[in-house]
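# Summary of the model geometry
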Amino acid sequence: MDRLEAMSVIIAVTETGSISAASRRLKSPVATVSRKVAELESRLKAQLFHRTSRRMTLTDAGRSYIEACKRIIEQVDDAEREVSGEYRIPRGELAVTTPWGLGHTHLLPLAVEFLEAYPEISLRLAFTDRIINTVQESIDVAIRVGVLPDSSMIATRIGSIRIVVCGSPSYLKAHGRPKQLSDLDKHDCITIDDHAIPSVWRFVRGSRARVAPIRSRLCVNTSEAAVLAAIEGAGLARVMSYKMDAAKRAGKLAIVLEEFEPEPLPVHIVYTPRKPAPLKLRAFLNWMTPRLKARLALA
């Protein structure tokens, strides 16, 4: 058995928590991953994992062995990057994930400019509103909206996002601007839900929470659709500010009820610490961070 390959397999099993998850990460059949773990344990004459129906956890022997494996793999990876020039010039592939709307609105235009500035770097962009496990899915950089959980990742705040109520000038001229939350049930509201038509909007600022009854005459399953409907005059929509910012700047939407907005959501760019950090990662962070900050500041 190739020792480095075996080490990579048990690292994947450890980080993903199961044989099946490791097989997906490694793009290898489940039976192959299971066999390699069993062969390694047989060769070492030691049990590396406690096995349950749901998860595999390291034994004491496994914890000692996995730490040594990680050090060895990191040293080999560093040596390969050094030989390939990754530590001398920005080169190689970077995987970046961000929420769908934020990615399309802000990251994608900047990514195209970044690729022009760094011709030897390739980007793999994953736009999804699902929170991706960066380790399991081999993601180098993530852009997160909202309060971050405690973790070992490095986080840099790049801005904040408001949750706003907005409508088109034509709609507001015809129906008037709401002044209080109690005015909302007199307006046509565009709501967002996959399963049912919401009957209330919740507004939370600090420790104060208020629930406003609404009259939803149009329910869609994406905020992008809600913005388009609001532009067409279908009613008031409640969305993250960056999703309607272009329409606001074009005079197609206006924000109302600003004094009732919840606290803005923080936006961070996060990544796993690596020493030394590859130049491709440093180049991306140094180039992208100030530009994302500038775009979010305009929202």
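A brief report on the enclosed structure follows. Given the structure is predicted, the values throughout are model-derived calculations rather than measurements.

Strand order in the open sheet made by the 5 strands is 4-3-5-14-6, with mixed pairing throughout. Whereas interior strands pair on both sides, the edge strands pair on one side only; in this sheet they are strand 4 (121-127) and strand 6 (154-161). Between one strand and the next, the sheet's axes are offset by a mean angle of 20 degrees, whatever the strand orientation. When strand 3 (residues 92-98) meets strand 4, the two strands line up parallel, connected through 7 bridges. For Thr97, the partnering residue across the bridge sits in strand 4 and is Ala126. Across the sheet, helix 5 (residues 100-117) touches strand 3, strand 4, strand 5 (141-145), strand 6 and strand 14 (265-271), and the angle it forms with strand 4 is around 175 degrees. Strands strand 3, strand 4, strand 5, strand 6 and strand 14 of the sheet are contacted by helix 9 (residues 279-297), whose axis makes an angle of about 20 degrees with strand 6.

Taken in spatial order, the 5 strands make up an open sheet running 11-8-12-7-13, and their pairing is mixed. Lying at the two open borders of the sheet, with one neighbouring strand each, are strand 11 (215-220) and strand 13 (254-256). Between one strand axis and the next, the sheet turns through 40 degrees on average, direction left out of account. Bridge analysis of strand 8 (residues 188-192) against strand 12 (residues 236-240) gives 2 bridges, and the strand direction is parallel.

Taken as a whole, the second largest pocket holds about 540 Å³ of empty space. Lining the second largest pocket are 27 residues; nearest its centre among them are Asp129, Ser223, Met240, Tyr242 and Lys243. Mapped by element, the contributors of at least two residues to the lining of the second largest pocket are strand 3, helix 5, strand 5, strand 8, strand 9 (200-205), helix 7 (223-231), strand 12 and helix 8 (241-249). Residue composition of the lining of the second largest pocket, by class: 14 nonpolar, 7 polar and 6 charged.

Looking now at the packing of aromatic side chains. Counted according to the given criterion, the structure contains 3 aromatic pairs. With a centroid separation of 5.3 Å and 80 degrees between ring planes, the pair formed by Phe114 and Phe284 is classed as edge-to-face. In this pair, Phe114 is assigned in helix 5 and Phe284 in helix 9, connecting sequence segments 170 residues apart. Residue Phe114 shares its accessibility class with Phe284, and that shared class is buried. Taking the centre distance of 5.6 Å and the plane angle of 65 degrees together, the rings of Phe114 and Trp287 count as edge-to-face. Here the residue Phe114 occupies a position in helix 5, and Trp287 occupies one in helix 9, the gap between them amounting to 173 residues. Classification of Trp287 by relative accessible area gives buried; the value is 11%.

Parameters at a glance
- What you see as residue numbers is a count from 1 along each chain, following the sequence as written.
- Since the coordinates come from a predicted model, pLDDT governs what is reported: local features require at least 70, and pairs of side-chain atoms require 80 or more to be given and counted, while whole-chain, interface and lining totals use all residues.
- Remark: hydrogens and water are excluded; side-chain values derive from all non-hydrogen atoms of the structure.
- Any two strands with at least two DSSP bridges between them are considered paired.
- By definition, any uninterrupted DSSP run of H or I lasting at least four residues is a helix, any uninterrupted run of E lasting at least two residues is a strand, and each is numbered from the N terminus.
- Lines fitted to C-alpha atoms define the axes here, with helix axes fitted over just the stretch in contact, and angles between the N-to-C directions of these axes take values from 0 to 180 degrees.
- Whether two residues touch is decided by their heavy atoms; if any such pair falls within 4.5 Å, the residues are in contact.
- Throughout, the protein atoms alone are placed on a 1 Å grid, and a set of points is a cavity if a 1.4 Å probe fits but cannot get out or a pocket if it is open with protein on both sides within 12 Å along at least five of seven lines; lining residues have an atom within 4 Å of a point.
- Grid points are joined across faces, edges and corners, and a volume is the space filled by probe spheres set on the points.
- Ten residue types, Ala, Val, Leu, Ile, Met, Phe, Trp, Tyr, Cys and Pro, are classed as nonpolar, four, Asp, Glu, Lys and Arg, as charged, and the remainder, Gly among them, as polar.
- Side-chain rings of Phe, Tyr and Trp, where Trp is taken by its six-membered ring, are said to pair if the distance between their centres is within 6.5 Å; with planes under 30 degrees apart they count as stacked, over 60 as edge-to-face, and otherwise as tilted.
- Three labels apply to residues, based on accessible area from a 1.4 Å probe with only protein chains included: buried if under 20% of the type maximum, exposed if over 50%, partly exposed otherwise in between.

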